[in-house]
Amino acid sequence: MNETSTSAADGPDEGASPFRDRLAFDLDVDICVVGAGLAGLTVAREAARLGASVAVLEGRQVGWNASGHHLGTVMPGFGLPMTDVIERVGLDDARELWALSREGADYVRATATEDLIPGIKASDGALEVSNVDAGEALISRLQTLAEDFATEVEGWQVDRVRSVLRTGRYFHGIYYPKAFQIDGRKYVHGLAALATRAGVRIFEETPVVSIDFSGVRKRIVTPTARLRANHIVLAGNIHLGAPLKRLSDTLLPVWRYAALTEPLGERLAETIAFPGSVIDSDGIDHFRVVDGDRLLWASPETTWDARPTRFGRAVQRRIATVFPQLGKVPIADTFGGAVGITVHGMPQIGQLRRGLWVASGFGRQGLNTSALAGQLIARSILWGDDRWRLFSPFELVWAGGTTGRVAGHFVSLWTRAASSAAGVLARYREGARAREQVREARLAEANLKAGTRGLAPRRPPPAAIRPVPPPAPRPVEDGEAPYPRASQESERISDGRM
């Protein structure tokens, strides 16, 4: 399920990033992780817990990019629909991949507790809503998730969705009771603190200048020191830099921003009564209520960097479109980050060559995928777990460079336009059905007032009456008048009297 790479909360914490040391001396470790984001920190923590010596090199600060700027929704699945995954790898491997994604979600839940990370603000439930009336598709999706992947889900009809989201823009929904959301910024810094407690050494402001992959002991050069390691894990997303440009070129850079509103008071509770995350099945909307009366809403994607304030206005317009009763809400803050999206839509997890590992491509994925990548790679290095091979069919593919970014931009525009058109058509059909029902109800009421229940049933015509033939004339005898018993009326007429 899509995880929007946008920031979740109430600004940076004071002292949230205590890892200020640069690598200023030569160092030998078992594992070197490049990138202090969610995936890199998970690899480092798990490897240290399994007994390895680990160093993390970060060119800027812990969680400075997408890992520290997301809505914090955690649920199983991937960015690629499972029907496409099944088509690519088969049902059995798709089930194993889904099980890994669920393990990733369970890892985040076990880590994101108030005991381990105070102030994490975990809450349950996520609702995936549809822009169109997709009842049959909903049933098919529920059957796939429940029967093939043993996932607890509930199908919500239109009335139930609109009872908690008071807008006519959404129809059916799928409710994930086991999904949850957390304060994403606190999570990434809390994960770094937990890794440090496990023995990981984190060095900020330490970019990688070059890497020598040859030999058993790989060599990494930084501006101020050198480092040697048996294994190197590349977890730097699109910011790996010139030494790893070929790997970065397999990712399409995508920026997504989010806006956090000012407190909206009771009118927000009257409009949105769902406590968890709401995700549009077309990937257009992603929002949730935070701090009781503030709305956190993600903007559309863009393949070009831009000022966050520009997207704050876009989010403001989108909120007014979906929930017009809220009006033009005041925006308190906007923030965002860049992620890397793969051509095939799945994350990059596995071994590139002996001792060189990759954990990247988490755009449109989720916190669960970065967690599963960290667990899987640490166990693969130290335990020989080879389940990373399940991701082998999703190989590294060049993302197209500048041409790919332009194409991705127009594809995104077309997707949003198609979704909008489909939604307009669905709402028009719904309105037409409602108007027809009103017309029929008024007609029935008019008939009732007129003393009838409607048009009276047609009765068959009465049976035809056969004419009785006149009696045969009696023969006239000699001397007898032809009409011996003429009526008085006939006599009057013949006499000319009235």
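Use the structure listed above.
Residues numbered from 1 in each chain as written. Predicted model: local features only at pLDDT ≥ 70, side-chain atom pairs only at ≥ 80, totals over all residues. Heavy atoms only, no water.

The subject of this paragraph is the overall build of the protein chain. Summing up its helical and strand segments, the protein chain has 12 helices and 17 strands in all. Counting across all 498 residues of the protein chain, residues that qualify as buried make up 49%. For the protein chain, the proportion of contacts with a sequence separation of at least 24, taken over those separated by at least 6, is 76%. Only carbon and sulfur atoms are counted for the fraction: they give 53% of the accessible area of the protein chain, which is about 25,100 Å². (Helix = DSSP H or I, 4+ residues; strand = E, 2+ residues; numbered from the N terminus. Buried < 20%, exposed > 50% of the residue type's maximum accessible area, 1.4 Å probe, protein only. Contact = heavy atoms within 4.5 Å. Areas by Shrake-Rupley, 256 points an atom, 1.4 Å probe, with all protein chains shown as cover.)

Attention shifts here to the nonpolar core. In this structure, V33, V54, L97, Y187 and F391 are the most contacted members of the largest nonpolar core, which totals 70 residues. Broken down by element, the residue count for this core peaks at eight residues, all from helix α10 (residues 367-383). Not counting residues within four places of it along the chain, the set of residues in contact with L97 comprises F78, V85, V89, M346, L390, F391 and F394. The next biggest cluster of nonpolar side chains, apart from the first, holds 24 residues, and it includes V164, L165, L264 and L295. (Core = buried A, V, L, I, M, F, W, Y, C linked by side-chain atoms within 4.5 Å.)

Attention now moves to the packing of aromatic side chains. Within this structure, the stated rule accounts for 11 aromatic pairs. A centroid spacing of 6.2 Å and a plane angle of 75° characterise the contact between F78 and F391, whose relative ring orientation is edge-to-face. Of this pair, F78 sits in the loop between β3 (73-74) and α2 (82-89) while F391 is found in the loop between α10 and α11 (401-449), placing the two residues 313 residues apart along the sequence. Owing to a relative accessible area of 4%, F78 belongs among the buried residues under this scheme. Centre to centre, the rings of W297 and F323 are 6.2 Å apart; their planes meet at 85°, and the pair counts as edge-to-face. (Phe/Tyr/Trp six-rings, centres within 6.5 Å; stacked < 30°, edge-to-face > 60°.)

Of all eight residues in strand β1 (residues 27-34), six are buried; the element is thus mostly enclosed. Inspection of the sheet shows β1 paired to strand β10 (residues 226-234) by seven bridges, in the parallel sense. Pairing of L27 across the sheet is with L227, part of β10. One ladder, built from four bridges, connects β1 with strand β2 (residues 54-57); its direction is parallel. Looking at the pairing, V33 lines up with V56 of β2. In this view, the connection linking β1 to its parallel neighbour β2 by way of helix α1 (residues 38-49) has right-handed handedness. (Pairing = 2+ DSSP bridges. Right-handed = clockwise from strand over helix to strand, strands pointing away.)

Counted under the stated rule, the structure contains 18 salt bridges. Two residues, R217 and D28, come together in a salt bridge whose shortest N-O distance is 3.5 Å. You can see R217 sitting in the loop between β8 (210-212) and β9 (218-221) and its partner D28 sitting in strand β1, a full 189 residues away along the chain. Classification of D28 as partly exposed rests on a relative accessible area of 43%. (Salt bridge = Lys/Arg side-chain N within 4 Å of Asp/Glu carboxyl O.)

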